[in-house]
Each structure stands twice: as C-alpha cells, then as structure tokens.
Amino acid sequence: MAGTARQWVAPSWGAPETWRFLETPVRDPGPGEVTIRVRAAGVNPADAKHVAAPRSTGPAVEWPVPIGYEVSGEIVALGPGTAGEPVTRIGSGPAAQGDEVIAFRVRGGYASALTIPAEKAFRKPAGMDHPAAANLLLAGTTAAEMLAVTEVSAGDLVLLHGASGSVGMSALQQARRIGAVVIGTSSAAGADRVRRFGGHPVVYGPGLIDRVRTIAAEIGRPLSAAWDAVGTDEAVEASLALVQDRARIVTIAAADRASAEGFRWIAGSRPDSARFRDDARGRLVELAERGGLEVPVSRTFPLAEAPAALRLLAQGHPGGAFALIP
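Residues numbered from 1 in each chain as written. Predicted model: local features only at pLDDT ≥ 70, side-chain atom pairs only at ≥ 80, totals over all residues. Heavy atoms only, no water.

The name given to the protein chain in an unreviewed UniProt entry is NADP-dependent oxidoreductase, with the source organism recorded as Microbacterium resistens.

1. Concerning the overall build of the protein chain
The secondary structure content of the protein chain amounts to ten helices and 18 strands. For 326 residues, the compact-globule estimate of 2.2 N^0.38 gives 20 Å, and the C-alpha radius of gyration of the protein chain, at 20 Å, lies within 12% of that figure. Taken along its principal axes, the extent of the C-alpha atoms in the protein chain is 60 × 40 × 35 Å. Buried residues in the protein chain amount to 52% of all 326 residues. Considering only intrachain contacts with a sequence separation of at least 6, the fraction spanning at least 24 residues in the protein chain is 68%. (Helix = DSSP H or I, 4+ residues; strand = E, 2+ residues; numbered from the N terminus. Rg over C-alpha atoms; globule rule 2.2 N^0.38 Å. Buried < 20%, exposed > 50% of the residue type's maximum accessible area, 1.4 Å probe, protein only. Contact = heavy atoms within 4.5 Å.)

2. Quick look at the packing of helix α3 (residues 137-149) against helix α4 (residues 166-178)
Helix packing geometry: the angle between the two helix axes and the distance between the axes. Close contact between α3 and α4 brings their axes to 8 Å; oriented N to C, the two are set at 50°. Between α3 and α4, the angle is such that the two are oblique. Here the hand of the crossing between α3 and α4 comes out right-handed. Counting all contacts with α3, which are made through Ala 139, Gly 140, Thr 142, Ala 143, Ala 144, Met 146 and Leu 147, the residues of α4 involved are Ser 166, Val 167, Ser 170, Ala 171, Gln 174, Ala 175 and Ile 178. Within the contact of α3 with α4, the residues separate by chemical class into nine nonpolar, five polar and no charged. (Axes fitted to C-alpha atoms, helices over the stretch in contact; angles between N-to-C directions. Parallel < 35°, antiparallel > 145°, perpendicular 65-115°, else oblique. Left-handed = near helix turned anticlockwise from the far one by under 90°. Nonpolar A, V, L, I, M, F, W, Y, C, P; charged D, E, K, R; others polar.)

3. Some thoughts on the environment of Pro 131
Tracing the sequence through the fold places Pro 131 in helix α2 (residues 130-133). Taking the relative accessible area as the measure of exposure, Pro 131 reaches 16% and is therefore buried. Taking C-alpha positions, Pro 131 is 9.7 Å from Ser 298, a pair spaced 167 residues apart along the chain. In contact with Pro 131, not counting residues within four places along its chain, are Ala 40, Val 297, Thr 300, Ala 323 and Ile 325.

4. Let's talk about the sheet that holds strand β16 (residues 264-265)
Working definition: the strands of a sheet are paired by backbone hydrogen bonds and lie parallel or antiparallel to each other. The sheet built from six strands is open, its strands ordered β13-β12-β11-β14-β15-β16 with parallel pairing. Among the strands making up the open sheet, the edge pair consists of β13 (200-203) and β16. Bridge count for strand β12 (residues 181-186) against β13 is four bridges, and the pairing is parallel. Following the sheet pairing, Thr 185 is matched in β13 by Val 202. With respect to the sheet, helix α7 (residues 233-242) is in contact with β11 (157-161), β14 (225-228) and β15 (249-251), its orientation differing from that of β11 by roughly 165°. (Pairing = 2+ DSSP bridges.)

5. Regarding the side chain of Asp 156
Here Asp 156 shows up in the loop between α3 and β11. For Asp 156, a relative accessible area of 12% corresponds to the buried category. Separated by 2.9 Å, the side chain of Asp 156 and the backbone nitrogen of Ser 153 make a polar contact. If near-sequence neighbours (up to four positions away) are discounted, Asp 156 is found in contact with Glu 151, Ala 180, Val 181, Arg 221, Ser 224 and Arg 248. (Polar contact = N/O pair within 3.5 Å; in protein donor to acceptor, adjacent residues only side chain to side chain.)

6. Focus: the sheet that holds strand β4 (residues 65-66)
Spatially, the three strands line up as an open sheet ordered β2-β1-β4, and their pairing is antiparallel. What marks the edges here is a single partner per strand, and that holds for β2 (20-26) and β4. In this structure, strand β1 (residues 3-10) lies alongside β4, joined through two bridges in antiparallel fashion. By the bridge assignment for β4, Ala 10 is matched with Val 65.

7. Quick look at the environment of Ala 133
Among the structural elements, Ala 133 can be located in helix α2. The sequence separation of Ala 133 and Val 38 amounts to 95 residues, and the corresponding C-alpha distance is 12 Å. Residues in contact with Ala 133, not counting those within four places in the same chain, are Glu 70, Ser 72, Ile 102, Lys 124 and Met 128.

8. With respect to the nonpolar core
Trp 19, Ile 90, Tyr 110, Ile 116 and Leu 324 are the most contacted members of the largest nonpolar core, which has 32 residues in total. Listed by contribution, the elements that provide at least two residues to this core are β1, β3 (33-43), β5 (70-78), β8 (100-104), β9 (113-117), α10 (306-314) and β18 (321-325). With five residues, β3 is the largest single contributor of residues to this core. Leaving out residues up to four positions away in the same chain, Ile 90 has contacts with Val 34, Ile 75, Ala 95, Val 101, Ala 118, Glu 119, Ala 121, Phe 122 and Arg 123. Residues Ala 143, Phe 197, Ala 225 and Val 250 belong to the second largest nonpolar core, which totals 21 residues. (Core = buried A, V, L, I, M, F, W, Y, C linked by side-chain atoms within 4.5 Å.)

9. Overview of α7
Along α7, the positions that sit buried rather than exposed are Ala 235, Val 236, Ala 238, Ser 239, Leu 240 and Leu 242. Next to the buried residues of α7 lie β11, α6 (208-219), β14, β15 and α8 (255-261).

10. Considerations on the packing of aromatic side chains
Scanning the model with the defined rule gives four aromatic pairs in all. With a centroid separation of 4.8 Å and an interplanar angle of 15°, the aromatic rings of Trp 8 and Phe 21 are classed as stacked. Of the two residues, Trp 8 is situated in strand β1 and Phe 21 in strand β2; the sequence distance between them amounts to 13 residues. On the basis of relative accessible area, Trp 8 is assigned to the buried category, the value being 6%. (Phe/Tyr/Trp six-rings, centres within 6.5 Å; stacked < 30°, edge-to-face > 60°.)

Here you go:
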C-alpha cells in the first residue's frame, strides 16, 4: 500500500502547540507487519508528557517523534508471514485485509494510516465503536497492572484516586469483576460515574482522609490497598495515612514521591510494566468482547485538532475518553 498519511510529529521538546501536522509516506508492510487505516486515535496525557521536556534518564530521543500510542481502524495491507508462518498473524490470531483491529503501544498513532508490527494489533471488540476501542488498552492495562502489583483480590477494600478518569473507570470495572470493593475519589460531578461502575464515591479536597475513614467504617472493613491515578500531594498523603503496607500503594503519576516514600510506581516506559501490559492485552480485549469492560467516550475531535484535545484533557474532569478522528 504505497501512499501518504497525515500525521502529528513533535520536532523537538515542547507542548502540543509546537508539533507539526505533516503529510508523510506510509511504508509498505514488511514481514510480520500490517498497515492500518486509522478510524480513531486514543488521546492520553502520556502522548504530550513524553515529549514535553528533556529527561535525565532513558534512551536518547530521535527527532521528529511521531505522536500517539493507541488506535482503532482496519487492516488495509498485510506483509508476508515471518519465518515458518505462511500468513501474517496479528496478536489475536490470523488476519485478513479489511479486518477491524485495535493496536496499542504503537508509535505514531495520531495519523490517518500507519504500518506496525502485526503482533501489536488485536481484533476490535465487536460491540465497541472505534473511538471507544481506541481508548481501551492504555487505560485498561494500566488499571490491570495496579490491581496486580498491589495483589488485590476478592474482599479487599481499595482507595482509588481519580476514579472518574479513564484509568479509574477501568480499574473500577476490573475490581468489581474480582470482588474487590473500591472507594473512589472524584469531583462532585464525577460521583455518578464512580457509582455506575460499582465504586463508593468520595469528593476529594480538605477532609478527604476523614471522609474515607467514615465510608470504610460504614462498609465494615479496613483499607488494604491504594491506587493513585492522579499524582497529587493529597492523593499520596491520604494513601500513606490510610494504608499501612506501602507495598500495596501504587501510583502512576507521582514517581518522585514513590521513590522517596517507599511505595510502588508503575509506567509504560518501565520494562516490567511494558512486559505486563503486553501480556494483558489479549485478556482485556476478550473481556471487552464479552461486554465486561466499557470505555465511556466524552468527546471526539478531528485529527487536525489534536493540540486542542490535549489542552482540554490537561484541564481535568473530561468525563470520559477523548478520541481523534482522521
């Protein structure tokens, strides 16, 4: 499939307003690769965070950096199978041109088309539209890793900071499936979303610790774990005050505090997290296929308006996922 695509790239460190929306060639798929026509790209804070400012650790960055980690679309070209494989197989099994798929941990998802390793693509859950499917796996695998590293199981009572956000709503659903109970922080406006997915809402702000203790007493069990999806000082202080075992506190956004205070920190850029999230992809796709995992979408934007979508996302309280539509 020779041709071109529209794609967002970061030419150097900086905010989304410094990115460029370019016409770029679409590479024909080689062995073990597929080309996807993108129908929706998931919008995540990490899309902007990872190119916002120079980092003191990690691999060297080669500019320009294509933006976007998660897409939904359809296969428009397949490369030849790899050694020993007569046909190209995607992450979920055999594939054909025209199949609807989602892809996660890709490079350059803010595009109208892209060529990727076939193993990164999975058949799109039939009951999900493209904007929802494009937001399934980054939030979903992050939430799944929070459950795993804190060893949460049936009967546990968990404090979840940011329960009405994309990661939070996925964590609520996954916790409910295994029989864990969650007290979830949100704004007053987000409380109904927390209830919808089985959580006990609590409004963040002054007095949070006392309010959580009151709800835990009403539920009749002590808090055994805490998941932080926001990274605020309030979230960290409440987690430390309410959960005795720091091995059962995890953050996705307060790495410095985790290192200083001795609790867990996970991120897709860390090797252990990357391995876990790759392993979790298929399970979460199957769960969504069975209707066991929902992705509420708040807004969609034209692909050309990616910086505006990220500006709005950064303000907080989106009420659901955002997606870019080529």
